[in-house]
There are 2 protein chains.
Amino acid sequence: MKISQKALACNLSPMRKFHPFAVAATNNGKKIYHLNIGQPDIATPPAYFEAVRNFELPVLEYAPSPGLPVLIKAVRDYYDKLGIHYEESDILITTGGSEALQMLMLSILDNGSEVIIPEPFYPNYNTFIKSAGGTIRPLTTSPEGGYRYAFRQKLEALINENTRAIMFTNPGNPTGVVLTHEELRTIADVAKEHNLFVIGDEVYREFVYGGEQLATIGQFEDINENAVIIDSVSKRFSACGARIGTIITRNKELQQNLMKFCQARLSVATLDQIASAALYSVDSDYFDAVRREYKLRRDTCYNKLLEIPGVVVKEPQGAFYMMAALPVDNADTFQKWLLTDFDDNGDTVMFAPGEGFYATPGKGLNEIRIAYVLKQKDLERAMDLLALGIKKYNETHCK
Amino acid sequence: MKISQKALACNLSPMRKFHPFAVAATNNGKKIYHLNIGQPDIATPPAYFEAVRNFELPVLEYAPSPGLPVLIKAVRDYYDKLGIHYEESDILITTGGSEALQMLMLSILDNGSEVIIPEPFYPNYNTFIKSAGGTIRPLTTSPEGGYRYAFRQKLEALINENTRAIMFTNPGNPTGVVLTHEELRTIADVAKEHNLFVIGDEVYREFVYGGEQLATIGQFEDINENAVIIDSVSKRFSACGARIGTIITRNKELQQNLMKFCQARLSVATLDQIASAALYSVDSDYFDAVRREYKLRRDTCYNKLLEIPGVVVKEPQGAFYMMAALPVDNADTFQKWLLTDFDDNGDTVMFAPGEGFYATPGKGLNEIRIAYVLKQKDLERAMDLLALGIKKYNETHCK
């Protein structure tokens, strides 16, 4: 029995290797502060659960393949409020942003096709792209440059006859980078001039902390044929377990091909679609409150990082992640050491080592991603543990 | 912007072309009896909705990538009752049987790989296999032969160096064929001798009408490395809208590669998993009642078909489908005519024309699939409409 080359080219999560050490640490009575996972702790709006409880049909039937009309309309209305008008036929409901990405890559990549993505990037892009036969052409950024990537020259230098798309997470996971209007326009221009798809993974859209208008690659009507938005209720409404996403494009040929995949998998979960439609009825107060909470956490993490000697970090503007270079030889080794050899009054901390977010070998070795999804007090403690850990680790390892 | 060759090789649902005619017929006041879709009308067990209503956590979090332990245990216990023991690590929860199929094909097929499937087969296999770079090598069966396919010589004649798997739906969609123990053993032997995966899509397992024991390709321990089961709650519990499926295999290398896809898409919907676990608590009375109901419908359809001159049909033993050859020149043309030119007291009928279930061009042109998912009285009326339609169509078209 043979496993496919494309499956073999994919990897298990780089975080798995720490799991046995984390289990052992917990079994030894250590408390671990988790800065390593992107699961928000914010309550899901009650509208979700109310909608689920109010379902009264006797048969839980398939939904239509493109999505339930009530949810498609809710998504359309949400974009209307942003000033971007989509037709209902521009919107397909998917099982999370994940299925949207999988379907999209199967629809646009052949063996040897390339997608330009700024690195560090969301590691699961690897599997969606490799399993579709494609490869990632990384645009390398740096902690010193605040991980910014929207430079025409750098983008154009990566384009060749195999390039099919430019893709980015905006606001950024893992970097927290938020594109300015000019940067977004630059990427749109490059995609347009080179006939490339431009894919905005915009699931963190609401999480911006500088008071700027919410932006999307969908706002430029001159790139209707190029632009594809990946969206989801997971982060927006702290409803990760709903697995409800969206793929939005005005490109009719792409829509028609995506529909083939929608039809093949029949439908997206019915109750979760009904309940997600209800989520879109929450008012702007909800987002304001969530934004205030995350901004406070962002400030806490950032300020704590600034106090650690040797850390390289620029202020991130969005999402609930930040990336930083630490004054350690290797973030992987450091993480393992934090679990096996370190504690402060029985406490230790986990983050996501940077290497897994890069496609270029050897990059990100001393970098980490912090997900600030803990309550303020826990977050402060976690960051203090990080600072203390760095100090002790270097005393032990660097003599 | 380029669409991938593999997406272009896939097709939209062949049923779509009838949609505008069905809409027009309805707008003209016709009532359509639907024998064309596999959406059961049986009530979903209330345990599903109770479990959903009882969820009380404030945050709808991601579930673990391989699935919620409570559901994995429920699936394991269900198989234990069938006398087949699996470890929890043999079981992955998926978003419907559909995602199971997609992940499996991405895991085992390279460009040019082949999967042997008896035709007629479930048309969505096309998309899952083509989008993974593979092709279907059909084992052609016939209405005269009752669509049986488990013949060693015929299977072996189709095996070549590109063959990766033998796959079948058992009980069969669209044919209703149920493999005997000996037939299942024959397929297992061939797969074993040729080092092929043998994939049993067994989502209709409970729907057998001859009093036989429920069978699975998982029952042969000598093919642990070869056997893969695709399963789902959709048909078993009339919960199609839950989108909860399973992929089960004792092949550790395959499990590890499937896990890459599970991790990339993060998780399956949390509430639907909790509720599906509750479904597995229904007792055998539920299945007995459902089986009695479908057996009655099977008998109704089959007996009505036997009364139509020129129809070729053998008694189907399972699922809720049957396939038959009609005495018409072309089932597609006939279906369109039923919508546009025929009615009896304002009523007409829809089925699924056979061509879409075949990979071999020109096959199935005068065949249809009937899904007997209507209540007894509606089913009788639908079958009478079919008989009357055939008579009138042939009077009009064949002079």
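Described in the following lines is the structure provided in the data block. (Residues numbered from 1 in each chain as written. Chains lettered and ligands numbered in written order. Predicted model: local features only at pLDDT ≥ 70, side-chain atom pairs only at ≥ 80, totals over all residues. Heavy atoms only, no water.)

## Brief notes about the pairing of strand β12 (residues 367–371) of chain B
Consecutive side chains along a regular strand alternate between the two faces of the sheet.
All names here are of chain B.
Okay, step 1: Burial within β12 is extensive, with five of its five residues counted as buried.
Okay, step 2: Here β12 shows two buried faces, one formed by Glu367, Arg369 and Ala371 and the other by Ile368 and Ile370.
Okay, step 3: Two strands pair when backbone bridges link them, and strand β11 (residues 352–353) and β12 are joined in this way by two bridges, in the antiparallel orientation. Each residue of the ladder has a partner; that of Ala352, found in β12, is Arg369. (Buried < 20%, exposed > 50% of the residue type's maximum accessible area, 1.4 Å probe, protein only. Helix = DSSP H or I, 4+ residues; strand = E, 2+ residues; numbered from the N terminus. Pairing = 2+ DSSP bridges.)

## Brief notes about the pattern of salt bridges
Should the charged atoms of two oppositely charged side chains come close, the side chains can pair.
Residues and elements named next belong to chain B.
Okay, step 1: Counted according to the given criterion, the structure contains 56 salt bridges over all chains.
Okay, step 2: Across the pair Glu202 and Arg205 runs a salt bridge whose closest N-O atoms are separated by 2.6 Å. Each member of the pair, Glu202 as well as Arg205, is classed as buried.
Okay, step 3: In this structure, Asp347 engages Arg381 in a salt bridge whose closest nitrogen and oxygen atoms are separated by 3.0 Å. Here the residue Asp347 occupies a position in strand β10 (residues 347–350), and Arg381 occupies one in helix α13 (residues 376–397), the gap between them amounting to 34 residues. (Salt bridge = Lys/Arg side-chain N within 4 Å of Asp/Glu carboxyl O.)

## Points about the interface of chain B and chain A
Okay, step 1: With 78 residues of chain B in contact, the opposing surface of chain A contributes 78 residues.
Okay, step 2: Here chain B and chain A share an interface that buries about 6,400 Å² over both sides, 58% of which is from carbon and sulfur atoms.
Okay, step 3: Three residues, Met1, Leu60 and Tyr62 of chain B, lead the burial of chain B against chain A; their summed loss comes to 12% of the area buried on that side.
Okay, step 4: Across the chain B-chain A interface, the total number found is zero salt bridges.
Okay, step 5: At the junction of chain B and chain A, the tally comes to 41 residue pairs in polar contact (both at pLDDT 80 or more).
Okay, step 6: No other element matches helix α9 (residues 252–264) of chain B, which puts nine residues into the side of chain B that touches chain A. (Contact = heavy atoms within 4.5 Å. Buried area = accessible area lost by both parts, 1.4 Å probe. Polar contact = N/O pair within 3.5 Å; in protein donor to acceptor, adjacent residues only side chain to side chain.)

## Examining the sheet that holds strand β12 (residues 367–371) of chain A
Residue and element names in this part refer to chain A.
Okay, step 1: Read across the sheet, three strands follow the order β9-β12-β11 without closing on themselves; strand pairing throughout is antiparallel. A strand with exactly one partner marks an edge of an open sheet, and here the two such strands are β9 (321–325) and β11 (352–353).
Okay, step 2: Where helix α11 (residues 284–306) meets the sheet, its contacts fall on β9 and β12, and the angle it forms with β9 comes to roughly 5°. (Axes fitted to C-alpha atoms, helices over the stretch in contact; angles between N-to-C directions.)

## Quick word on the sheet that holds strand β2 (residues 91–94) of chain A
Strand pairing within a sheet occurs via backbone hydrogen bonds; the two strands may be parallel or antiparallel.
Residues and elements named next belong to chain A.
Okay, step 1: Sheet architecture is open: seven strands sit in the order β2-β8-β7-β6-β5-β3-β4, paired in mixed fashion. The sheet terminates laterally at β2 and β4 (135–140), the two strands that pair on one side only. For this sheet, the mean angle separating the axes of adjacent strands, direction not counted, is 25°.
Okay, step 2: Pairing analysis gives six bridges linking strand β3 (residues 114–119) to β4, with the strands arranged parallel.

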